[in-house]
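Residue strings, one per chain:
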Amino acid sequence: MERTLTVTLLAAIVLLVLLAAVLRTIGYPVIWSVDVAQLLFVWLAVLAANQALREGAHARLDVLFNKLSIINRLRFQLCLNVISGLCLVCIGIFGFKLLSINPARTLGSTDLPYVWVTAAIPAGALLMLVTICQQSRVLMQCLYHPVTGMQEYPSWLNVLVGAESSLDKTTRQTHQQGIDS
C-alpha cells in the first residue's frame with residue numbers, strides 16, 4: 001500500500017508540474033501548483049525514506065560491516081536500531097510540537113493549512129520507528145534463535161548479512177557457535 005501511495009504521489013507531482021508548465025506557457029499560470037507539489041513531495045520523501053529503511057537501502061558503512069562476522073553485524077545493527085529509534089522518538093516529539101506552532105498558517109497561495117506539511121515529520125518518524133521496531137524484533141530472533149529466526153529472512157536482512165552467506169546447515173552451525181561463545 002505504501003509503495004502504491006509513493007508511486008501515486010510521484011506521478012501526481014510530475015503531472016502537476018507538467019500541467020503548470022504547459023498552462024503557464026499558454027498564458028494561464030496555476031499559482032498554487034508549486035505549493036501543492038511541495039506538499040506532495042514532503043509526504044513522498046517521508047514515505048520513501050520508510051520504504052528504503054524497510055528494504056535496507058539506506059546508506060551504510062559497508063567497509064565496517066564487511067569486516068564483521070555475521071553475528072557481530074546483527075549485534076551492531078541492533079545497537080544502531082536502538083540509537084536510530086531514540087532519534088526518531090525525539091524527531092516525533094519535536095514534530096508534534098511543530099504542529100502546534102502557528103496553526104493558522106496556510107500553505108503559500110492556497111487555503112490549505114500548513115499543518116499538512118508539518119504533519120509529515122511526526123508521521124514519517126512514527127512509520128520509521130515502527131519499521132525499526134519490527135526489524136529489531138527480527139534481529140533479536142536471529143541472535144537468540146538462529147535456526148528458526150534465520151530460515152526465511154526479509155530482503156533488508158539479506159543486505160545486512162551479505163549475499164555470500166547462505167543459510168545451509170553449516171552456516172547455522174557457525175552462527176550458533178558465534179552465539180555460544
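These numbers come from a predicted model, not from an experiment.

Novice: Mind laying out the environment of Phe 94, listing which residues take part and the relevant values?
Specialist: Within the secondary structure, Phe 94 sits in helix α4 (residues 70-100). According to the relative accessible area criterion, Phe 94 is exposed, its value standing at 55%. As a C-alpha pair, Phe 94 and Pro 122 span 28 residues in sequence and 7.9 Å in three-dimensional space.

Novice: Give me the lowdown on the pattern of salt bridges, citing residues and values where you can.
Specialist: Considering all chains together, one arrives at two salt bridges under this definition. Its salt-bridge partner being Glu 2, residue Arg 54 comes within 2.4 Å of it at the nearest N-O pair. Of this pair, Arg 54 sits in helix α2 (residues 33-55) while Glu 2 sits in helix α1 (residues 2-25); the two residues are 52 residues apart in sequence, bridging distant segments of the chain. The partly exposed category is assigned to Arg 54, whose relative accessible area is 35%.

Novice: Hey, could you go over the packing of α1 against α2 for me, with residue numbers and the actual values?
Specialist: Closest axis-to-axis distance for the α1/α2 pair is 9 Å, and the angle between their directions is 150°. On the basis of their axis angle, the class for α1 and α2 is roughly antiparallel. Handedness of the α1/α2 crossing: left-handed. Its residues assigned to classes, the contact of α1 with α2 shows 16 nonpolar, four polar and four charged.

The rules behind the values
Residues numbered from 1 in each chain as written. Predicted model: local features only at pLDDT ≥ 70, side-chain atom pairs only at ≥ 80, totals over all residues. Heavy atoms only, no water. Helix = DSSP H or I, 4+ residues; strand = E, 2+ residues; numbered from the N terminus. Buried < 20%, exposed > 50% of the residue type's maximum accessible area, 1.4 Å probe, protein only. Salt bridge = Lys/Arg side-chain N within 4 Å of Asp/Glu carboxyl O. Axes fitted to C-alpha atoms, helices over the stretch in contact; angles between N-to-C directions. Parallel < 35°, antiparallel > 145°, perpendicular 65-115°, else oblique. Left-handed = near helix turned anticlockwise from the far one by under 90°. Nonpolar A, V, L, I, M, F, W, Y, C, P; charged D, E, K, R; others polar.

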